[in-house]
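Descriptive structure summary
The lines below spell out each chain.
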Amino acid sequence: MKKVVTFGEIMGRIMPEGFMRFRQCLPGKVDMLFAGAEANVAVSVSQLGGEAEFVTALPENDIASACIAELSSLGVATSHIIHSDGRLGLYFTEPGANQRPSRVIYDRSYSAISKAEPADYDWDGVFSDAGWLHISGITPAISKNAAESTLAAVKKAKQAGVTISCDLNFRAKLWKWKQGIEPQALAREVMSEIVSGVDVLIANEEDADCVLGIKAENTDVEAGSLDVQAYKDVAAKISRAFPNIEKIATTFRESVSASHNNWGAMLYDCKQAKAFYAPTEAGEYQPYRITDIVDRVGGGDAFAAGLIFALNTPELSGCREAVSFAAASSCLAHSIKGDFNFSTRSEVEALAGGNASGRVVR
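Our subject in this report is the structure included herewith. Everything quoted here is computed from the prediction, not taken from an experiment.

Some details on the overall build of the protein
- In terms of helices and strands, the protein carries 12 helices and 18 strands.
- The globule rule puts the C-alpha radius of gyration for 362 residues at 21 Å, and the 19 Å found for the protein is close to it.
- With the C-alpha coordinates aligned to their principal axes, the bounding extent of the protein is approximately 55 × 50 × 45 Å.
- Across the 362 residues of the protein, 57% fall into the buried class.
- Of the contacts made within the protein by residues no fewer than 6 positions apart, 70% connect residues no fewer than 24 positions apart.
- Approximately 15,600 Å² of the protein is accessible, and the part contributed by carbon and sulfur atoms is 48%.

The structure is reproduced here in structure tokens:
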């Protein structure tokens, strides 16, 4: 398995203890972790047993040093992280429970990665021994510079013969760096060019609609009502629009409440024009029923990491096996506090194999 490189922003994640609201705990104690979509993927790949490197721009201060040390301690290479003018971005998470939804507040303007330019990164060095690049639609949403750096990474990776995956990850709160254009329109403008260089595309239930203008029929994401079979047609339309894409993965989240989600996924092989679903029972799609969520933020990143790891592992690389592994990896991430998925390969394979009892392992 060649090295997996991820490029994007890592931030400080600030959250109340337990399920408190910020109005309850401030002034007072809060927890701070490091997190960010692409960093989450790198950490998860490493925890599963792969080789991963994370590339970003950070300020030069003690907090950034602590962030790099945390990544290194988790087995993620950091030698191509650059120091740039700017700050460490932050985001505040208020965990939901039952019928009260989770809330995210961003504070990431003028972060180091938003100010760094494409030429600041050593792309040739980054991809000299890499086999895979993973990006998301979050980093290009931060600023014009970040969007141009993401596109530069894709082009350099393509020149180096590196496989590229992208999680669309539409964030309406972030696409505001170009005056006179609405967030969704800006996302479509920028991401269409980026997706044109991608080999594996990942999206959740609504990303394809928001970013690519391709909507699933008979689906109401807000109501938690999904016709999973409709996403095969969505994938086929994406494949026709972007013939460079080889595989398209879609995650399915049915939100019964903030504490109870049904979770699964589909992997569409563009060459075969065939969809594979996970998890399944007797050959039929049956989602994981996650009834006591500990932390859902980062669940999609755990899926992306599981998919990347599986596709790069010969015995897991078949479409059916890969989507099963990725869906199980993400399901387990919902039981772990913070963005990082600390699940191991053996734990993921046990769940994917049907061991979902949660009995004590002695």
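Next comes the rest of the write-up.
Some remarks on unusual backbone geometry
- For the peptide bond that leads from L26 to P27, omega is -5°, which places it in the cis range.
- Structurally, P27 is set in the loop between α1 (22-25) and β3 (31-35).
- Look at the link from A278 to P279: it is a cis peptide, with omega at -5°.
- Residue placement: P279 occurs in the loop between β15 (274-278) and β16 (280-281).
- With phi around 65°, Y110 is a residue other than glycine that occupies positive phi space.

So, the sheet that holds strand β8 (residues 90-94)
- Ordered by their spatial adjacency, four strands build an open sheet running β3-β2-β8-β9, and the pairing between neighbours is mixed. In this open sheet, the two edge strands, each paired with only one partner strand, are β3 and β9 (103-107). Each strand axis lies, on average, 25° off the axis of its neighbour in the sheet, ignoring direction.

Reading the values: rules and limits
Residues numbered from 1 in each chain as written. Predicted model: local features only at pLDDT ≥ 70, side-chain atom pairs only at ≥ 80, totals over all residues. Heavy atoms only, no water. Helix = DSSP H or I, 4+ residues; strand = E, 2+ residues; numbered from the N terminus. Rg over C-alpha atoms; globule rule 2.2 N^0.38 Å. Buried < 20%, exposed > 50% of the residue type's maximum accessible area, 1.4 Å probe, protein only. Contact = heavy atoms within 4.5 Å. Areas by Shrake-Rupley, 256 points an atom, 1.4 Å probe, with all protein chains shown as cover. Pairing = 2+ DSSP bridges. Axes fitted to C-alpha atoms, helices over the stretch in contact; angles between N-to-C directions.

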